[in-house]
Amino acid sequence: QVQLVESGGGLVQPGGSLRLSCAPSGSIFSINTMGWYRQAPGKQRELVAAITSGGSTNYADSVKGRFTVSRDNAKNTVYLQMNSLKPEDTAVYYCHADRITTTMSMGYNYWGQGTQVTVSS
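What you see is a predicted model; the values in this text were computed from it and never measured.

(A) The arrangement of the side chain of Arg71 in detail. For Arg71, the location among the structural elements is in strand β8 (residues 67-72). Summary of buried charges: Arg71 has no salt-bridge partner, and the nearest side chain of opposite charge, Asp98, is 7.1 Å away. A distance of 3.0 Å separates a polar side-chain atom of Arg71 from the backbone oxygen of Ile31. A polar atom in the side chain of Arg71 sits 3.2 Å from the backbone oxygen of Ile51. When residues no more than four places from it in sequence are discounted, the contact partners of Arg71 are Ile31, Asn32, Thr33, Met34, Ile51, Thr52, Ser53, Thr77, Val78 and Tyr79.

Rendered as structure tokens:
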């Protein structure tokens, strides 16, 4: 069973930076699009940023110019560099992969367990 494992969340002051990482467990052959979503209390989960296996990226308007999504295909790891953080960025951040191929199978729509990001002074 493939699982996405996130790390890097925490508490940061406004204007600060954090870097999130996400990697799958198991023997992975390939991953299609990977991305980050977030969910604040009382709000719907929303896309923050996504990156295809070829490196094309997509960002929510609210994070453009502040957040950067990247991936290391050799390590099957996706990163989210978050700069100039604002209190409204406070949320649980979830890693997502739309299709993962292992040496044994192929599956769709994988989610990480979520990591809390809190921006507060």
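(B) Expanded view of the nonpolar core. One finds Trp36, Leu80, Met82 and Tyr93 to be the most contacted residues of the largest nonpolar core, which totals 31 residues. Contributions of two or more residues to this core are made by β3 (18-24), β4 (28-31), β5 (34-39), β6 (46-51), β8, β9 (77-82), β10 (91-102) and β12 (115-119). Here the element with the most residues in this core is β10; it accounts for five residues. Sequence-distant contacts of Met82, defined by excluding residues within four places in its chain, comprise Gly16, Ser17, Leu18, Leu20, Arg66, Phe67, Tyr93 and Val117.

(C) Geometry of the environment of Ser120. With respect to the helices and strands, Ser120 occurs in the segment after β12. Take Ser120: its relative accessible area is 38%, and that puts it in the partly exposed class. Taking the C-alpha atoms as reference points, Ser120 and Thr102, 18 residues apart in sequence, are found 40 Å from one another. Contact partners of Ser120, with chain neighbours within four places excluded, come to Leu11, Val12, Gln13 and Pro14.

(D) Fine view of the pattern of salt bridges. This structure, assessed with the given rule, holds four salt bridges. Two residues, Asp89 and Arg38, come together in a salt bridge whose shortest N-O distance is 2.9 Å. Here Asp89, found in the loop between β9 and β10, pairs with Arg38, found in strand β5; they are 51 residues apart in sequence, far enough to count as distant. Taken individually, Asp89 and Arg38 each receive the classification buried, so the pair is uniform in this respect. As a salt-bridge pair, Asp89 and Arg66 come within 2.7 Å of each other at their nearest N and O atoms. Separated by 23 residues along the polypeptide, Asp89 in the loop between β9 and β10 and Arg66 in the loop between β7 (57-59) and β8 bring together distant segments of the chain. With a relative accessible area of 1%, Asp89 lands in the buried category.

(E) Just unusual backbone geometry, in detail. Phi at Ser84 takes a positive value of approximately 50°, unusual for a residue other than glycine. As for its position among the elements, Ser84 is in the loop between β9 and β10. Even without being a glycine, Asn109 presents a positive backbone phi close to 60°. With respect to the helices and strands, Asn109 occurs in strand β11 (residues 106-111).

The rules behind each value
Residues numbered from 1 in each chain as written. Predicted model: local features only at pLDDT ≥ 70, side-chain atom pairs only at ≥ 80, totals over all residues. Heavy atoms only, no water. Helix = DSSP H or I, 4+ residues; strand = E, 2+ residues; numbered from the N terminus. Buried < 20%, exposed > 50% of the residue type's maximum accessible area, 1.4 Å probe, protein only. Lys, Arg positive; Asp, Glu negative; His and termini not counted. Salt bridge = Lys/Arg side-chain N within 4 Å of Asp/Glu carboxyl O. Polar contact = N/O pair within 3.5 Å; in protein donor to acceptor, adjacent residues only side chain to side chain. Contact = heavy atoms within 4.5 Å. Core = buried A, V, L, I, M, F, W, Y, C linked by side-chain atoms within 4.5 Å.

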